[in-house]
Every structure is written in structure tokens, then in C-alpha cells.
Amino acid sequence: MTGSYPNTRLRRTRATGWSRALHRETLVTPADLIWPMFVTEGSGVEEPISSLPGVSRWSVDGIVARAKEAVELGIPVVALFPNTQADRRSDDGAEAHNPDNLMCRAIRAIKDACGDDIGVLTDVALDPYTSHGQDGLLDDKGYVTNDDTVAVLVDQAINQAEAGADIIAPSDMMDGRIRAIRMALEMGGHHNIQIMSYAAKYASAFYGPFRDAVGSGGLLKGDKKSYQMDPANTDEALREVELDIAEGADSVMVKPGMPYLDIARRVKDAFGVPVFAYQVSGEYAMIEAAAAAGAGDREALVLETLLAFKRAGCSGVLTYHAPLAAKLLNG
Ligand code: PBG
């Protein structure tokens, strides 16, 4: 306690705009944003995603245009996810390590056009490439195997690194994959490629629209609970993060975002490492649905949620609202 009424009136500093600005503890800027985008085959193609109103898949030329837009808006990083053609999906997800796959073509095109004006973050997991929609390889019983999957994820990560990715972001939740990928990057001479580990990723009901966007939703049988975390757990998130840092992650992610702000705060307080949150597709869809229903103002909702992530200790946020938020923040 620092005082009591009426000597202390906390409303004094809230009374005017200039005073609120002076006392504001947390700031969001476009530099806090990572813009996730979906890539599709073809040229001049834009495919709206109905469960993510306002978000489209773009062919590589469109992705390059979006990346240039991100540079203009002051967004430092784009995150890429491919909608792999059906005939290139297989049980073993081999397309993930094809040097000419959609991801690699998008990475190279952005890097050719924008160079180091923007960072490219790439997702490591097999779900956009498997015919069963799981993030890893299945055994006879349909269980997602760990060590065999890690070997493929390493090939996928190196494939992305060689195409020019700046941040490798494993979202698969296999054990030991950060160490394996870090060792392979070091051995390949990629000393400055970052790893942002999806360290505390939960088996969440908020990923539905994303699975539509990458085309894995209709293929997925069962769930991902044998590798993604139980939403009930919080101490386990700290163990996941501790391991991933020890194995060579430069930064860690908590996912989903808003329902898991307690996890972001605990991770930040416990380890002091850069923490990012993914405001996932279902969260985006909720805000859009609220705005469409007249239940809230879209722009105010978006900015308030982003502020909440920063307040919880996040260095930045992956959000499909990144371009809108950056425009608002740039005035
Ligand atoms: C796949 C992956 C998912 C997301 C990012 N990478 C979906 C999943 O795990 O099923 C979700 C992102 C979102 O919902 O916006 N490994």
C-alpha cells in the first residue's frame, strides 16, 4: 500500500488523455507483430478462407506482394504455411523435404524480393504434407511415432534453411526435435538461423480454421492429444520450455494465445527468454464473429487483445490481424 483515500486518488492520473499516455505501462507497435500467411499453387491466385473471413491463401506472387506490404507497414516477420496439393500429400509427408515444394518457392521468392527487410518464419511439422493430417509419422496402430518423425523434421528444417528461412519454428511437439534440428543447423553452417520453438502448444479446439486453410482438417482422423499438451496443465509447460531452451531454442512460443496468457506470464517470469504467443485461427474467427454480430468493435478488440499479450510478458504475437493492427498503430 502506498497511500489511502483521499490522499491517494488513482483516478487523478486517469483523468485526461495526456496523463493516461504518460502513465501507460505497455506499448504495442507494428514491430511486435508476426503475420501468418497461407500459400497455394498457381499464379495470380487468391482463395478466400470461409472460416477465416478476411484471410486468403495466395499464390507465391501474391505472397511476395503481402511480404512487401508487411515491410511497408513495419511488420518484421511473416510466417508461412502451405496448402499442399492433394496429390503431393502422402503417408510419410515426403513433400516436406522436397527442395522445390511450395514453401521453399515462397521462401526464395520473398527473400529475392525483400532480402533482410523482412524475416521469414517457417513451420516445421508434417500436417500440411501428410495424407492423414497428423504432424508426424504413424505406426501400425495409428500412433504418431516420435524418433522416426524427428528424423524427417530435421530434413524438413534443413530444406527450409537452405531455401533461405530466417526462423525455423517447429510446431510438431515431438520430444527432442529442437536438439536434433539445432545440431543439423550447426553442422550445415547455419549458425545464425534462429529456432522459435512452439514449446507450450496445447491440444486446442481453437485450430479449426487453420486446418481448413492448409487443407488438413478434412483429412485428420482422431486428435493430436498424444503429442500436444493437455489444456489443464501449466507446470508441464515450464518443463517443455526448459527443455527447448536447453536444446537450443532462441525463443519460445505459447499457443493458443488469449486463453493461455497465464502460461506466457509464467514462462516469462521463470526463464526471462523471449516469449511469443500465437493468437490462433479460432481466436481470430471469434473476434471477427463478435464484430460481425455487433457485439464489439473490431479495431478496439484487436488492439486490446494485442496489448494483453504484451502485458503478459510477450515479446510479440503471431496474429492474422497483423496488417489491420499495423495500419491502426501506424495511424
Ligand atoms: C500445425 C500447426 C497448427 C497451427 C500452427 N501449426 C495446427 C495444429 O496443430 O493442428 C495452428 C495455427 C492456428 O490455428 O492459427 N502443426
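See above for the structure.
Worth saying up front: this structure is predicted, and the values here are computed from it rather than measured. (Residues numbered from 1 in each chain as written. Predicted model: local features only at pLDDT ≥ 70, side-chain atom pairs only at ≥ 80, totals over all residues. Heavy atoms only, no water.)

### What about the site of the ligand?
Around the ligand there are 17 residues in total, and Lys201, Lys224, Lys255, Ser281 and Tyr320 lie nearest to it. Between the ligand and the protein, one listed contact pairs a nitrogen atom with a side-chain N or O atom of Lys255 at 3.3 Å. Compared with its free state, where it exposes 410 Å², the ligand has 100% of that area covered by protein. Along the lines of polarity and charge, the residues of the shell around the ligand split into 7 nonpolar, 3 polar and 7 charged. (Near = heavy atom within 4 Å. Polar contact = N/O pair within 3.5 Å; in protein donor to acceptor, adjacent residues only side chain to side chain. Areas by Shrake-Rupley, 256 points an atom, 1.4 Å probe, with all protein chains shown as cover. Nonpolar A, V, L, I, M, F, W, Y, C, P; charged D, E, K, R; others polar.)

### What to know about helix H5 (residues 177-187)
Three or more residues of H5 are buried, namely Arg177, Ile178, Ile181, Arg182, Ala184 and Leu185. Within H5, the buried residues cover an arc of 165° as seen down the axis, which keeps them to one side. Against the buried residues of H5 lie strand E5 (119-124), helix H4 (147-163), strand E6 (167-170), strand E7 (194-201) and helix H7 (235-247). Positioned one or two residues after H5, Gly189 has a phi angle of 80°, which is positive. (Buried < 20%, exposed > 50% of the residue type's maximum accessible area, 1.4 Å probe, protein only. Helix = DSSP H or I, 4+ residues; strand = E, 2+ residues; numbered from the N terminus. Arc of directions from axis to C-beta. Contact = heavy atoms within 4.5 Å.)

### So, the side chain of Glu240
Its place among the elements puts Glu240 in helix H7. Buried charged residue Glu240 carries no salt bridge. Nearest counter-charge: Arg177, at 5.3 Å. Once you skip the residues sitting within four places of it in the chain, Glu240 turns out to touch Met173, Ala199 and Met229. (Lys, Arg positive; Asp, Glu negative; His and termini not counted. Salt bridge = Lys/Arg side-chain N within 4 Å of Asp/Glu carboxyl O.)

### Digging into the pairing of E5
Summarising burial for E5: 6 of the 6 residues are buried, a large majority. Every second residue of E5 is oriented toward a common face, with Gly119, Leu121 and Asp123 on one face and Val120, Thr122 and Val124 on the other, all of them buried. When strand E4 (residues 77-82) meets E5, the two strands line up parallel, connected through 4 bridges. Pairing of Val78 across the sheet is with Val120, part of E5. Handedness of the β-α-β unit built from E4, helix H3 (residues 102-114) and E5 comes out right-handed. The β-α-β motif built from E5, the intervening H4 and the parallel element E6 has right-handed crossover chirality. (Pairing = 2+ DSSP bridges. Right-handed = clockwise from strand over helix to strand, strands pointing away.)

### A word on the pattern of salt bridges
Summed over the entire model, instances satisfying the criterion amount to 17 salt bridges. The closest approach of N and O atoms between Asp135 and Lys224, which form a salt bridge, is 2.6 Å. With a gap of 89 residues between them, Asp135 in the loop between E5 and H4 and Lys224 in the loop between helix H6 (208-214) and H7 connect regions that are remote in the sequence. Neither residue differs from the other here; Asp135 and Lys224 are each classed as buried. As a salt-bridge pair, Arg298 and Glu288 come within 2.8 Å of each other at their nearest N and O atoms. Here Arg298 is found in helix H10 (residues 298-311), whereas its partner Glu288 is found in helix H9 (residues 281-292), with 10 residues between them in sequence. Under the relative-accessibility criterion, Glu288 is labelled buried at 9%. When salt bridges with common partners are traced through the structure, they connect Arg66, Glu69 and Lys327 into a single cluster.

### Looking at the nonpolar core
Membership of the largest hydrophobic core comes to 79 residues, with the highest contact counts inside it found for Val78, Leu80 and Ile110. Look past the residues within four positions of Ile110 in its chain and what remains in contact with it is Ile63, Val64, Ala67, Val78, Leu80, Gly115, Ile118 and Val120. Membership of the second largest hydrophobic core comes to 24 residues, among which are Ala79, Phe210, Met253 and Tyr284. (Core = buried A, V, L, I, M, F, W, Y, C linked by side-chain atoms within 4.5 Å.)

### Re a positive patch on the surface
Taken together, the side chains of Arg9, Arg11, Arg12 and Arg14 make up a positively charged region of the molecular surface. Owing to a relative accessible area of 43%, Arg9 belongs among the partly exposed residues under this scheme. (Patch = residues over 30% accessible without salt bridge, like charges linked within 9 Å, V, L, I, M, F, W, Y side chains within 5 Å. Charge placed at Lys NZ, Arg CZ, Asp CG, Glu CD.)

### Things to note about the packing of H9 against H10
Two numbers describe how H9 lies on H10: the axes approach to 9 Å, and their chain directions differ by 145°. Of the two elements, H9 crosses H10, and the hand of that crossing is right-handed. For the pair formed by H9 and H10, the contact residues are Glu283, Ile287, Glu288, Ala290 and Ala291 on the first element and Arg298, Leu301, Val302, Thr305 and Phe309 on the second. Its residues assigned to classes, the contact of H9 with H10 shows 6 nonpolar, 1 polar and 3 charged. (Axes fitted to C-alpha atoms, helices over the stretch in contact; angles between N-to-C directions. Left-handed = near helix turned anticlockwise from the far one by under 90°.)

### Let's talk about the environment of Arg298
Classification of Arg298 as partly exposed rests on a relative accessible area of 33%. In this structure, the C-alpha to C-alpha distance between Arg298 and Glu288, residues 10 residues apart in sequence, is 6.9 Å. Once residues within four sequence positions are removed from consideration, Arg298 is found in contact with Glu288, Ala291 and Leu324. A polar side-chain atom of Arg298 sits 2.8 Å from a polar atom in the side chain of Glu288.

No statement about biological role is implied by the geometric values presented.
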